[in-house]
Each structure stands twice: as C-alpha cells, then as structure tokens.
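Given next are the chains, with one letter for each unit.
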Amino acid sequence: MLDRNFFDTLSRLRLRMWHKSSLNMSGNRKSMQKGLSAEFSDFREYMPGDDLRRMDWNVYARLDKLYIREYMEEKEAVVSVLVDTSASMDYGTESKAELARDLAATVSYLALCNMDRLRLYDMKDMSRGLVVSGGRNAFPKVLRWLERLVFSGEIDMLAAAKKMQCRGPGVTVLISDFLHEGMLGDTTADYEKLLQYLQYCKQRPVVLHTMASEELRVPLEGALNLIDAESQSQLRLTVDAKAIDNYERELGRLTERMKKGCSRGRGTYVLCDTGRDRNQLVFQDLRVIYDI
C-alpha cells in the first residue's frame, strides 16, 4: 500500500525532536556538544591550542580580546518505535495490525532518512527488538522485521516501556489501540504513568492511537455476544441507538483524556483510523509530528 512515490514524498520531512541529541555518532540533529557545522552557537575566550581559523577578528578589533566562534555539532538522535502486537490489534475490515505496520514503516523511514538511530520494539517481546542506523539503505531490514510481527495474546504496555533502552534524549513512538486493562479507566492511570516514565527518560512521546473504523463508527445492532480477542471473556448485550450514542460519547472522552495527557508530557497524540486514506493520514493528520 505504501509505494515508491509515497516514500519519495516522505523523505522531504523529518520528525520533530524535543531535546538536542547527546550521542557521539555523527548525524543530522543538533547536539549539545560544540563542533564544526555551519550553524553558529556562541563565542568563548581563546585558549592555547584553539584553531586560529575560528578566531573572530572583528570582535578582537572592537574589544582587544581574542574570542573563538563555536558552532553546533550535528549528531544522530534516537527514535524508538514500540508496536502493540496484542490480539486486539488484529481486528477490523482494514486491520489495525496492517495500519500499525504502515505507521511503523513511516516513522522508521523518516528516522533513517535523517540519519537517526532507530530502535524498533515488539511490545510482546521487548528483548527481540531491532536497532538500525546508517541511513535509508537500512530500511529493507525494517520492512522484513515488520513483516515477521505476529499479533496475538496480551501485553502490559507500561511494563514493556520500562524495558526499553533509554540512553539520552529522543522520541518514543507508541503505536497501539490502547485496549488494555488499566488504560481505559476513568483516570487512565497506567496511561499517565507511561507518559510520566517517558518524560523521566527524556523522551518526547508520540502516541499513534490506532483504531478500526468499526470501533469509531459502530455498524452493529441487535443482541450480540461479544468475545474479547485477548482474554476470550464473553459479554452479552443489546446494541441500539442509545447504546451506540453512549459508546461514542465515552470514546470521545477517552481520546480527549489521552490527548490532554500526552500534551502535558510535551508530546503529541494522533487518532489513526484504519479506514483513512494512507496519504491523507500520513501527510495531513501526522503533520503535527513533523519538523516543518
């Protein structure tokens, strides 16, 4: 579904970072360290051994003191992508699992195009992640890794995030339907704890809330026997216009709480509909996560 033209257009964008990079590998992100890029940072007094080519003679003429011009050094940043591979993601006429793969591929391509270090995680098994860097030539490894994902069973999102490697500031992208116990209560306690943990790790959270069109606009009516895809528990209920109105109202409250919680953590929340055209979703709805 994502073709060459899609990725050609995508290569003109880059993810917005919250912190400057502190890693030691060269890249395209502005670092906290000083270096030899073209972007001016500050002046400092000359010290024996400094490169005389960086001397600012205009300042010397005015102040009769020797000053060195310093520039921002460009380093690679870290982009971590956590994919929810629980059974509830394998749902929808247009599957949430397939959308999750497309979103992960989109973010991964952006990271690699900008020479960032990419860490991909399956939240069901955080020990078997993929770490790649070195530009877009590494992208085929990402596609192969995404194709091997199996959506089944249950996950604990908060516990999974705590197993992520956090070495310095970066961006953490969460791709999930968030249909997990602890994430759906009135206070969304686990969701808040998850965002607080990412903030503690100096990560800018990007929440891509993946929902099937059938979950956003309920097409079912009548007496139904619902089966939980993960726990296999069953619920018998009657779906009528009133029930659908109540459901959609509660869903709206949930997404609003999630959005506000993400904003408090200096992050970004985007509701991603499986029925939405991929180009419109990536190039319009996701504009808020790009550094444009």
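The following paragraphs examine the structure supplied in this document.

Overview of a positive patch on the surface
Taken together, the side chains of Arg128, Lys141, Arg144 and Arg148 present a region of like positive charge at the surface. Inspection of the secondary structure puts Lys141 in helix α4 (residues 139-147). A relative accessible area of 45% places Lys141 in the partly exposed class.

A short note on a negative patch on the surface
A contiguous patch of negative charge, built from Glu221, Asp240, Asp245 and Glu248, is present on the exposed surface. In this fold, Glu221 is placed in the loop between α7 (213-216) and β8 (222-227).

Observations regarding the pattern of salt bridges
Per the stated rule, a full pass over the model turns up eight salt bridges. Two residues, Arg217 and Asp273, come together in a salt bridge whose shortest N-O distance is 2.8 Å. Of this pair, Arg217 sits in the loop between α7 and β8 while Asp273 sits in strand β10 (residues 268-273), and the two are 56 residues apart along the sequence. Note on Arg217: relative accessible area 47%, which makes it partly exposed. Overall, the relative accessible area of 14% leaves Asp273 in the buried class.

Overview of the packing of helix α6 (residues 189-200) against helix α8 (residues 241-264)
Interhelical geometry of α6 versus α8 gives an angle of 20° and a closest axis separation of 9 Å. The angle between the axes of α6 and α8 places the two elements in the roughly parallel class. Our pair here, α6 against α8, has a crossing hand that is right-handed. Every residue of α8 that contacts α6 at Tyr191, Glu192 and Leu195 is listed here: Arg257, Met258, Gly261, Cys262 and Arg264.

Quick notes on the packing of helix α3 (residues 96-113) against α4
Closest axis-to-axis distance for the α3/α4 pair is 10 Å, and the angle between their directions is 160°. By the angle class used here, α3 and α4 are roughly antiparallel. The way α3 lies across α4 gives a crossing that is right-handed. Contact residues: α3 offers Arg101, Ala104, Ala105, Ser108, Tyr109 and Leu112, while α4 offers Phe139, Val142, Leu143, Leu146 and Glu147. Across the contact of α3 with α4, the residue classes break down as eight nonpolar, one polar and two charged.

A word on the pairing of strand β9 (residues 234-239)
The side chains of a regular strand alternate between the sheet's two faces. Judged from the six bridges that link them, β8 and β9 form a sheet pairing that is antiparallel. When the bridges of β9 are listed, Gly222 appears paired with Val239. Between β8 and β9, which pair antiparallel one after the other, the connecting turn spans six residues, and Gln232 there sits at a positive phi close to 65°.

Observations regarding the environment of Met164
Take Met164: it is sitting in the loop between α5 (157-161) and β6 (170-176). With 44 residues separating them along the chain, Met164 and Leu120 place their C-alpha atoms 9.7 Å apart. If sequence neighbours within four positions are ignored, Met164 has contacts with Ser80, Leu82, Tyr121, Met126, Thr172 and Leu198.

Definitions and cut-offs
- Residues numbered from 1 in each chain as written.
- Predicted model: local features only at pLDDT ≥ 70, side-chain atom pairs only at ≥ 80, totals over all residues.
- Heavy atoms only, no water.
- Patch = residues over 30% accessible without salt bridge, like charges linked within 9 Å, V, L, I, M, F, W, Y side chains within 5 Å.
- Areas by Shrake-Rupley, 256 points an atom, 1.4 Å probe, with all protein chains shown as cover.
- Salt bridge = Lys/Arg side-chain N within 4 Å of Asp/Glu carboxyl O.
- Lys, Arg positive; Asp, Glu negative; His and termini not counted.
- Charge placed at Lys NZ, Arg CZ, Asp CG, Glu CD.
- Helix = DSSP H or I, 4+ residues; strand = E, 2+ residues; numbered from the N terminus.
- Buried < 20%, exposed > 50% of the residue type's maximum accessible area, 1.4 Å probe, protein only.
- Axes fitted to C-alpha atoms, helices over the stretch in contact; angles between N-to-C directions.
- Parallel < 35°, antiparallel > 145°, perpendicular 65-115°, else oblique.
- Left-handed = near helix turned anticlockwise from the far one by under 90°.
- Contact = heavy atoms within 4.5 Å.
- Nonpolar A, V, L, I, M, F, W, Y, C, P; charged D, E, K, R; others polar.
- Pairing = 2+ DSSP bridges.

So, to be careful, I would describe these as geometric facts and stop short of saying anything about function.
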